[in-house]
Amino acid sequence: MRHPRPLGGDPVRNLDAPRISLTQLVINNSEGNSTLGIKKKPSWLRAKVPGGAGYERLRSIIDEHRLHTVCKEANCPNMGECWSRGVATIMILGDTCTRACGFCNVKTGRPSTLDRDEPRRVAESLRLMGLKHVVITSVNRDELSDGGAGIWAETILRTKDACPQMSIEVLIPDFEGNWPALQMVIDARPHIINHNLETIRRMYPAVRPSAKFDRSLELLRRVKEQGLVAKTGIMVGIGERDDEVLEMMDDVLARTATPKGPTDILTIGQYLQPTRNHLPIDRFVTPEQFAMYHDRGIEKGFKVVQSGPLVRSSYHADHQADELSNITDERERLNTQRMKTLLGE
């Protein structure tokens, strides 16, 4: 039995002991072109078709600077809406991931090069976009000794220099538990560090075979321990139960707790099967259930919970940042400082 998608890295190394059987989640395609069927979407999962002046302007900037976006690489359903209002999630370290997660549509394999000019181009493109908030993410680069942390840090620092009034959110990989590499990103001091759990603990062997649930929790704890805003997110409809989602919330808040608080932001969205060769959809979670997740998350102690069918970790990330007063206050302080400079005060 094996997953039909070509594997990029080595997804079975350094695994914890299996907690579930994958028998019902994979198929045997050793003969023929067997694939997993895609369920028809319900009415509440309708996204805006890409188009419009804002969409074309942003696409032009991204193409000119030869950048990758997770919006396109992962077939995000919100690309039309986000790009139309001038918001995009930049993806650095190339377009090829060294892992092969069962849910993800990003290309897998062994990247051939490391683009060391990328941080400069990212910063310049973001300066032209004129955003108040940006999300930067990356593929996994497990073949690099630092997992790409050096490029990460340089991208953050160059972007802060080019766009001082813009708040920066980064969605980072786990760097395989290389904590000095993580520290390079933390030392660059982005406003928000996001690392997605993606699913509940029991589903990790199927959904994130190269990752570890506890390792991701430790990453979030280290981020929070050093005073940054910590954020995580999961998909639902990929095989979990509602009680396991609530248990995940408790785990995150308990295991990332520090004197400066636990993880601040949680996002929850519907898993959508990218192709027939990815893990199948187990269920479509209703808007009412998403509202329940939101309410319970706030009750349990998260500062911000974004929960809905089309929610992705970077969807309305600017609004999430606005809900945290420290980021809003810093942005206002920088804008005031800029105006004083312009007026010669």
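That block above? That's the structure.
Residues numbered from 1 in each chain as written. Predicted model: local features only at pLDDT ≥ 70, side-chain atom pairs only at ≥ 80, totals over all residues. Heavy atoms only, no water.

1. What to know about the pairing of strand β6 (residues 167-171)
- Counting buried residues along β6, 5 of its 5 residues qualify, which places the element largely inside the surrounding structure.
- Burial of the side chains of β6 extends over both faces: Ser167, Glu169 and Leu171 are buried on one face and Ile168 and Val170 on the other.
- The pairing of strand β5 (residues 133-138) with β6 spans 5 bridges and is parallel. Note on β6: the bridge partner recorded for Val134 is Ile168.
- Handedness of the crossover is the feature at issue here: the chain leaves β5, passes through helix α5 (residues 149-162), returns alongside β6, and the resulting connection is right-handed.
- Across 3 bridges, the pairing between β6 and strand β7 (residues 192-194) is parallel. Considered in β7, the bridge of Glu169 is made with Ile192.
- The parallel pair β6 and β7 is bridged by helix α6 (residues 179-187), and the resulting crossover is right-handed. (Buried < 20%, exposed > 50% of the residue type's maximum accessible area, 1.4 Å probe, protein only. Helix = DSSP H or I, 4+ residues; strand = E, 2+ residues; numbered from the N terminus. Pairing = 2+ DSSP bridges. Right-handed = clockwise from strand over helix to strand, strands pointing away.)

2. Focus: α6
- The complete set of buried residues in α6 reads Ala181, Leu182, Val185 and Ile186. What you see down the axis of α6 is that its buried residues fit within an arc of 145°, all on one side. In α6, the exposed residues that point more than 90 degrees away from the buried face are Pro180 and Asp187.
- In this structure, the buried side of α6 is in contact with α5, β6, β7 and α8 (213-225).
- Within two residues after α6, Arg189 carries a phi angle of roughly 55°, on the positive side. (Arc of directions from axis to C-beta. Contact = heavy atoms within 4.5 Å.)

3. A short note on the side chain of Asn140
- Its location among the elements puts Asn140 in the loop between β5 and α5.
- Classification of Asn140 as buried rests on a relative accessible area of 14%.
- If near-sequence neighbours (up to four positions away) are discounted, Asn140 is found in contact with Thr96, Cys97, Thr98, Arg99, Pro173 and Asp174.

4. Some words on the environment of Ala162
- Here Ala162 shows up in helix α5.
- By relative accessible area, Ala162 is classed as partly exposed at 26%.
- The spacing of Ala162 and Ser125 is 37 residues in sequence and 9.5 Å in space, taken between C-alpha atoms.
- Beyond its immediate chain neighbours, meaning those up to four positions away, Ala162 contacts Ala123 and Arg127.

5. Regarding the side chain of Ser307
- Along the chain, Ser307 turns up in strand β10 (residues 304-307).
- By relative accessible area, Ser307 is classed as buried at 19%.
- Reaching out from Ser307, the side chain makes a polar contact with the backbone oxygen of Phe290 at a distance of 2.7 Å.
- Not counting chain neighbours up to four residues away, the residues in contact with Ser307 comprise Ile268, Phe290, Tyr293 and His294. (Polar contact = N/O pair within 3.5 Å; in protein donor to acceptor, adjacent residues only side chain to side chain.)

6. What to know about helix α4 (residues 118-129)
- In this model, α4 (12 residues) spans 16 Å end to end at C-alpha, consistent with the 16 Å of a helix rising 1.5 Å per residue.
- Along α4, the residues classified as buried are Glu118, Pro119, Arg121, Val122, Ala123, Ser125, Leu126 and Met129. (Expected span 1.5 Å × (residues − 1).)

7. Remarks on unusual backbone geometry
- The phi torsion at Arg189 lies on the positive side, around 55°, for a residue other than glycine.
- The exposure class assigned to Arg189 is partly exposed, which follows from its relative accessible area of 37%.
- Positive phi, normally seen in glycine, also occurs at Glu198, with a value near 75°.
- Residue Glu198 is classed as buried on the basis of its relative accessible area, which comes to 16%.

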